[in-house]
Amino acid sequence: MTRKEFDHISAELRGRVLATVRRIGKNGELFPSDEDIVQETLSALWQIIEKGYPVRNTAAMAITIARNICIAGLRKKTAKRTDLADFAGGYSATENTDISDVEITRSILLRELTPTQREYLELRYEEELSLDEIAERTGRRKSSVKTTISIARKQLLERLKKDIL
């Protein structure tokens, strides 16, 4: 099959594959972009055809590929929702101790920084703001924010190295 023939067939299949994806995904509730799944399906179908595998019914193969992609996506979402912290006893005693130790170490290290350095680090890593957003929020220049964060990180690293070694 040539690329031109595949383009013609894929144009016909696109609607059926999209309907299948929407039916499995409950009309866009489960998957962020149904069109991405359709595109991934058609790409996989083309790769199969290009490798020379015999495909008797391209429509059936496309629907099967789309279903498999959707099911894989659903499994990933289900796996992400199952978090051990949601269950009683989900963490072992060692994990709870490790988490506690990390928090204690973090608070000790952060106490040694200036209030401005702590604020910038919190904005950067806790609130995940960009340097431009931090500069805008604090009224400081971007270069000043970047330098302050860099110095703070360097101080934290040096302190960690000193305490560990």
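Residues numbered from 1 in each chain as written. Predicted model: local features only at pLDDT ≥ 70, side-chain atom pairs only at ≥ 80, totals over all residues. Heavy atoms only, no water.

It is at 10 Å that the axes of helix H5 (residues 115–126) and helix H6 (residues 131–138) come closest, and there the two elements cross at 135°. The orientation of H5 with respect to H6, classified from their angle, is oblique. In this structure, the crossing between H5 and H6 has a hand that is right-handed. Counted together, Glu119, Tyr120, Leu123 and Arg124 of H5 and Leu131, Ile134, Arg137 and Thr138 of H6 form the full contact between these two elements. (Axes fitted to C-alpha atoms, helices over the stretch in contact; angles between N-to-C directions. Helix = DSSP H or I, 4+ residues; strand = E, 2+ residues; numbered from the N terminus. Parallel < 35°, antiparallel > 145°, perpendicular 65-115°, else oblique. Left-handed = near helix turned anticlockwise from the far one by under 90°. Contact = heavy atoms within 4.5 Å.)

Among the nonpolar cores identified, the biggest contains 19 residues, and Leu13, Val17, Val21, Val38 and Leu45 are the most heavily contacted of them. Residue contributions to this core peak at seven residues, all from helix H3 (residues 58–81). Ignoring any residue separated from it by four or fewer positions in sequence, one finds Val17 in contact with Val38, Thr41, Ala62, Ile63 and Ala66. Counting 13 residues, the second-largest nonpolar core is a separate cluster that includes Tyr120, Ile134, Val145 and Ile149. (Core = buried A, V, L, I, M, F, W, Y, C linked by side-chain atoms within 4.5 Å. Buried < 20%, exposed > 50% of the residue type's maximum accessible area, 1.4 Å probe, protein only.)

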